[in-house]
Amino acid sequence: RKNEQLTTLGLLAAEIAHEIRNPLTVIKLLFGYLDLNFPAEDPRRTDVRVIGEKLDQLEAIVTRVLQFAKAPSSLHSRWNVNDIVEDTIVLIRLKLAQSKIQLRFEPAARTMVVDVHKGQLQQVLLNLLINATQAMPEGGLITIRAHTEDRGAGAMYIHLDVSDSGSGIPEKIRTRIFDSFLSGRPDGTGLGLAIAKRILVSHHGDITLVQTSPSGTTLRITLPLAK
């Protein structure tokens with residue numbers, strides 16, 4: 001649990017740094033475009049130099065945070081997707097039992113191997129499963145279904161569809177569920193899905209909303225298969 005908190009904190013720092021980097025880049029470009037060349041004796045010349053230095057310093061800080069929060073490629077290993085899902089189910093089995101929720105896993109027909117950071121991928125799965133349990137306070141069913149997609153030119157992807165039988169995502173936030181600090185629950189942080197999105201994008205994958213309605217929600221994790 002402590003490791004998960006530290007991972008979440010690191011990814012939150014990366015989320016903030018990423019949001020800072022874009023406007024910072026614009027400020028640097030506009031500041032350089034102004035071409036403020038004051039005479040040597042003008043005190044504003046020093047101000048311009050200090051502003052430029054501080055912009056460079058901020059950019060360096062943001063870059064360090066993003067590099068620190070990124071899972072080193074050396075921590076990536078080849079894993080069987082079915083094994084990762086089954087290990088994750090073991091971690092959450094007691095919570096599911098307490099919540100009167102059944103979980104059905106439909107694995108891929110054959111062995112599917114991905115090159116991932118196992119801990120981060122499990123964090124994504126745990127987040128989706130916990131969200132699903134919170135959407136079904138009276139109990140229900142979660143289904144995880146693995147299937148593949150051939151995108152041509154040797155590019156094979158695996159999809160993990162996580163479906164629940166809850167009440168669905170409110171219509172007013174459906175298009176923004178992967179935004180930071182957006183939550184449909186009073187006690188939610190609004191970070192879980194945003195962090196999940198960032199993790200999967202860093203793995204050259206993605207997470208998307210397949211469907212949601214009063215009878216349930218399906219979210220899809222997509223990852224490239226290892227070659």
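These lines cover the structure that appears in this document, whether it is placed above or below.

Rules and cut-offs
Residues numbered from 1 in each chain as written. Predicted model: local features only at pLDDT ≥ 70, side-chain atom pairs only at ≥ 80, totals over all residues. Heavy atoms only, no water. Core = buried A, V, L, I, M, F, W, Y, C linked by side-chain atoms within 4.5 Å. Buried < 20%, exposed > 50% of the residue type's maximum accessible area, 1.4 Å probe, protein only. Helix = DSSP H or I, 4+ residues; strand = E, 2+ residues; numbered from the N terminus. Contact = heavy atoms within 4.5 Å. Polar contact = N/O pair within 3.5 Å; in protein donor to acceptor, adjacent residues only side chain to side chain. Phe/Tyr/Trp six-rings, centres within 6.5 Å; stacked < 30°, edge-to-face > 60°. Lys NZ or Arg CZ within 6 Å of the ring centre and 35° of its normal. Pairing = 2+ DSSP bridges. Axes fitted to C-alpha atoms, helices over the stretch in contact; angles between N-to-C directions. Salt bridge = Lys/Arg side-chain N within 4 Å of Asp/Glu carboxyl O. Expected span 1.5 Å × (residues − 1). Left-handed = near helix turned anticlockwise from the far one by under 90°. Nonpolar A, V, L, I, M, F, W, Y, C, P; charged D, E, K, R; others polar.

## Comments concerning the nonpolar core
Counting 39 residues, the largest nonpolar core has Val85, Ile142, Ile158, Leu160, Ile221 and Leu223 as its most contacted members. The biggest single contributor to this core is helix 4 (residues 118-134), with 7 residues. Aside from chain neighbours lying at most four places away, what touches Leu160 is Val81, Val85, Leu125, Ile144, Arg145, Ala146, Leu219, Arg220 and Ile221. Membership of the second largest hydrophobic core comes to 9 residues, among which are Ala14, Ala17, Leu55 and Val62.

## A few points about the environment of Arg151
Among the secondary structure elements, Arg151 is positioned in the loop between strand 4 (140-150) and strand 5 (156-164). Not counting the four nearest positions on each side in its chain, Arg151 is found in contact with Tyr157, His159 and Thr222. Looking at Arg151, its side chain comes within polar contact range of the side chain of Glu149, at 3.4 Å.

## Side note on the packing of aromatic side chains
If you walk through the whole model with that rule in mind, you get 0 aromatic pairs. Of note, Arg151 hangs over the ring of Tyr157, and the distance from its end group to the ring centre comes to 3.9 Å. The ring centre of Phe178 lies 4.9 Å from the NZ or CZ of Lys197, which sits over that ring.

## Quick notes on the side chain of Asp42
Inspection of the secondary structure assignment puts Asp42 in the loop between helix 1 (2-34) and helix 2 (43-69). Polar contacts involving the side chain of Asp42 include one to the side chain of Arg44, which spans 2.9 Å.

## What about the sheet that holds strand 5?
Across the sheet, 5 strands lie side by side as 2-4-5-7-6; this open sheet has mixed pairing. Looking at which strands have only one partner, the edges of the open sheet turn out to be strand 2 (101-106) and strand 6 (206-213). Taking the axes of each pair of neighbouring strands and ignoring which way they run, one obtains an average angle of 15° across the sheet. Both strand 6 and strand 7 (residues 216-224) contribute to a ladder of 7 bridges, which runs antiparallel.

## Brief notes about the pattern of salt bridges
A pair can form between side chains of opposite charge whenever their charged atoms are brought close. Within the structure shown, the criterion is met by 10 salt bridges. For Asp42, the salt bridge goes to Arg44, with nearest N and O atoms at 2.9 Å. In this structure, Asp161 engages Arg220 in a salt bridge whose closest nitrogen and oxygen atoms are separated by 2.7 Å. One end of the pair, Asp161, is in strand 5; the other, Arg220, is in strand 7, and 59 residues separate them in sequence. Among the charged side chains, a salt-bridge network with shared partners connects Lys28, Asp56 and Glu59.

## Things to note about unusual backbone geometry
In this structure, Asp35 takes a positive phi of about 50° despite not being glycine. Secondary-structure assignment places Asp35 in the loop between helix 1 and helix 2. Under the relative-accessibility criterion, Asp35 is labelled exposed at 53%. The phi angle at His204 is positive, at roughly 65°, despite the residue not being glycine. Inspection of the secondary structure puts His204 in the loop between helix 5 (192-202) and strand 6.

## Quick word on helix 3 (residues 81-98)
Look at helix 3: 26 Å from first C-alpha to last across 18 residues, which is about the 26 Å you get at 1.5 Å a residue. Here helix 3 has its buried residues at Val81, Asn82, Ile84, Val85, Thr88, Ile89, Ile92 and Leu96. Structurally, helix 3 contributes buried residues whose contacts are with strand 1 (77-80), strand 2, strand 3 (113-116), helix 4, strand 4 and strand 5. One side-chain oxygen at the N-terminal end of helix 3 lies 2.9 Å from the backbone nitrogen of Asn82; it belongs to Asn80. Backbone geometry just downstream of helix 3 places Lys100 in the positive-phi region, at approximately 60°.

## Description of the environment of Lys100
Within the secondary structure layout, Lys100 lies in the loop between helix 3 and strand 2. A residue is classified by how much of its surface remains accessible, and Lys100, at 67% relative accessible area, is exposed. As a C-alpha pair, Lys100 and Gly140 span 40 residues in sequence and 6.9 Å in three-dimensional space.

## Considering the packing of helix 4 against helix 5
Each pair of packed helices can be summarised by the angle the axes make with each other and by the distance between the axes. In contact at an axis separation of 10 Å, helix 4 and helix 5 are set at 150° when each is read in the N-to-C sense. Helix 5 is crossed by helix 4, and the crossing has left-handed handedness. Facing helix 4, whose interface residues are Gln120, Leu121, Gln123, Val124, Asn127, Leu128 and Asn131, helix 5 presents Gly192, Leu193, Ile195, Ala196, Ile199, Leu200 and Ser202. Its residues assigned to classes, the contact of helix 4 with helix 5 shows 8 nonpolar, 6 polar and no charged.

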